[in-house]
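# Architecture at a glance
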Amino acid sequence: MITIPHKAKQFLTFLIKLLIVGGAFYFIWDQLANNEKLDWNQFLELLDRKKSFWGILFILSFSFFNRFFEILKWQNLVQVIEKISVSKATEQVLSALTASIFTPNGIGEYGAKALYFEKKEAKKIVFLNLICNGIQMILTIIFGAVGLLILGYGKWVLVISGIAFFLIVASFLFKKITIKGYSLNRLFEKINEIPKPIHQKNIFLAVCRYLIFSHQYYFLFLAFDVDLPYWSLMASISSVYFLASSLPTFQFLDFAVKGSVAVYFFGNLGINDWIVVFISTLIWFLNVVLPVLIGSFYVFKFKSKWKV
């Protein structure tokens, strides 16, 4: 076995951290600077007319609580392995977000969080992260289906319901089939091993988080002088989140994917395309870019518990 000198390990670790942070910043800058759909002069003019300290603080508070509820979710779930403080959960969530920004569907988050724990706990951490993200996805599907129904896309809801029904039936029929030691039956057992109060709290926090980020979208539309019925806007927002979340993408392209889907739905409500694109970009900036900037600090101070 080749032994890597301690100094070389330190340099290699620093280089990896630098590449992660540098890559994250490059992707963010590239998307903001080279997006032809963004007319910054038009946006700055509107911002100058609408600028309000309390208004900006109000919108920023949604971004804070969006990530805060995600942090509380992670702190709640990970206590199955060990109890951690809110500050430690913050470090793990934000650094994992930064590390996953250029991985498909944020998959890098799973590995990044695992590095904060002993190597033997890696599978458990990946599983808990799956539970953490899974409940958010289930809520996105439920609210999205309701939104599509309100908007009159009943056929889509029937298709979604049919797929969901098929998957549920298939999961029960094939739950005992084992592939490389893994089976759905084993997965259900592992889920049931987590105490019910933890599951209940996880669902409650996930609902709170969904209401936070969906209503941030809603209030931004109000700030851009969009005057439409509450339920029409919220139904469109929930539909956009559902369909955009169903598409494979990268965190740094999140606003482009949501923006494309949003242009279709909000365009049907008579909202100008440029307003939809700007709001989607702002949502991405407030809920991804800002946390990544903070997460970059945690990435540089990170020390893995894994022994190499």
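The rules behind the values
Residues numbered from 1 in each chain as written. Predicted model: local features only at pLDDT ≥ 70, side-chain atom pairs only at ≥ 80, totals over all residues. Heavy atoms only, no water. Helix = DSSP H or I, 4+ residues; strand = E, 2+ residues; numbered from the N terminus. Buried < 20%, exposed > 50% of the residue type's maximum accessible area, 1.4 Å probe, protein only. Contact = heavy atoms within 4.5 Å. Phe/Tyr/Trp six-rings, centres within 6.5 Å; stacked < 30°, edge-to-face > 60°. Core = buried A, V, L, I, M, F, W, Y, C linked by side-chain atoms within 4.5 Å. UniProt positions renumbered as here; feature names shortened; annotations may be inferred. Expected span 1.5 Å × (residues − 1). Salt bridge = Lys/Arg side-chain N within 4 Å of Asp/Glu carboxyl O.

### Considerations on the overall build of the protein
A tally of regular secondary structure across the protein gives twelve helices and zero strands. Counting every position in the protein, which comprises 308 residues, the buried fraction comes to 44%. A fraction of 75% describes how many contacts in the protein between residues 6 or more apart in sequence connect residues 24 or more apart.

### Structural notes on the packing of aromatic side chains
Geometry of an aromatic ring pair is reported as the spacing of the ring centres plus the angle between the planes. Inspection of every chain in the model, using the stated rule, returns 20 aromatic pairs. Seen from their ring centres, Phe58 and Phe62 are 5.0 Å apart, and the 85° between their planes marks the pair as edge-to-face. One end of the pair is Phe58 and the other is Phe62, both in helix α3 (residues 53-78) and four residues apart, which spans about a single turn. Under the relative-accessibility criterion, Phe58 is labelled partly exposed at 37%. A centroid spacing of 5.1 Å and a plane angle of 80° characterise the contact between Tyr218 and Tyr230, whose relative ring orientation is edge-to-face. Placement of Tyr218 in helix α9 (residues 196-223) and of Tyr230 in helix α10 (residues 230-245) is noted, with a sequence separation of twelve residues between them.

### Regarding the nonpolar core
Tyr217, Phe221, Phe266, Ile271 and Ile279 are the most contacted members of the largest nonpolar core, which totals 32 residues. Of all the elements in the fold, those that place two or more residues in this core are α7 (154-173), α9, α10, α11 (254-267) and α12 (273-301). Not counting residues within four places of it along the chain, the set of residues in contact with Ile279 comprises Tyr217, Leu220, Phe221 and Phe224. In terms of nonpolar packing, the next biggest core, distinct from the first, is built from 19 residues, Ala114, Phe127, Cys132 and Phe302 among them.

### Considerations on the side chain of Asn76
Relative to the assigned elements, Asn76 resides in helix α3. Setting aside its immediate chain neighbours within four residues, Asn76 contacts Ile198, Lys201 and Asn202.

### Some remarks on unusual backbone geometry
Not every positive phi belongs to a glycine, and Asp225 is a case in point at roughly 65°. Among the secondary structure elements, Asp225 is positioned in the loop between α9 and α10.

### What about the UniProt feature "transmembrane region" (unreviewed entry) in the protein?
Per the UniProt record, "transmembrane region" (unreviewed entry) is found at residues 12-32, 52-69, 126-150, 156-174, 203-224 and 274-300. For residues 52-69, the helix share is 94%, the strand share is 0%, and the end-to-end C-alpha distance is 26 Å. Summarising residues 203-224: 95% helix, 0% strand, and an end-to-end C-alpha distance of 32 Å.

### Observations concerning helix α6 (residues 122-150)
Under the 1.5 Å per step criterion, the end-to-end length of α6 is 42 Å for 29 residues, consistent within 8% with the ideal 42 Å. One or two positions beyond α6, positive phi appears at Gly152, with a value near 95°.

### Let's talk about the pattern of salt bridges
Throughout the structure, instances matching the rule amount to six salt bridges. The salt bridge partner of Glu70 is Arg209, with a shortest N-O separation of 3.0 Å. On the criterion of sequence distance, the pair formed by Glu70 in helix α3 and Arg209 in helix α9 is long-range, its members being 139 residues apart. Arg209 carries the same exposure label as Glu70, and that label is buried. Lys190 is paired through a salt bridge with Glu193; the nearest N and O atoms lie 3.5 Å apart. Of the two residues, Lys190 and Glu193 both sit in helix α8 (residues 184-193), three residues apart, roughly one turn of that helix.

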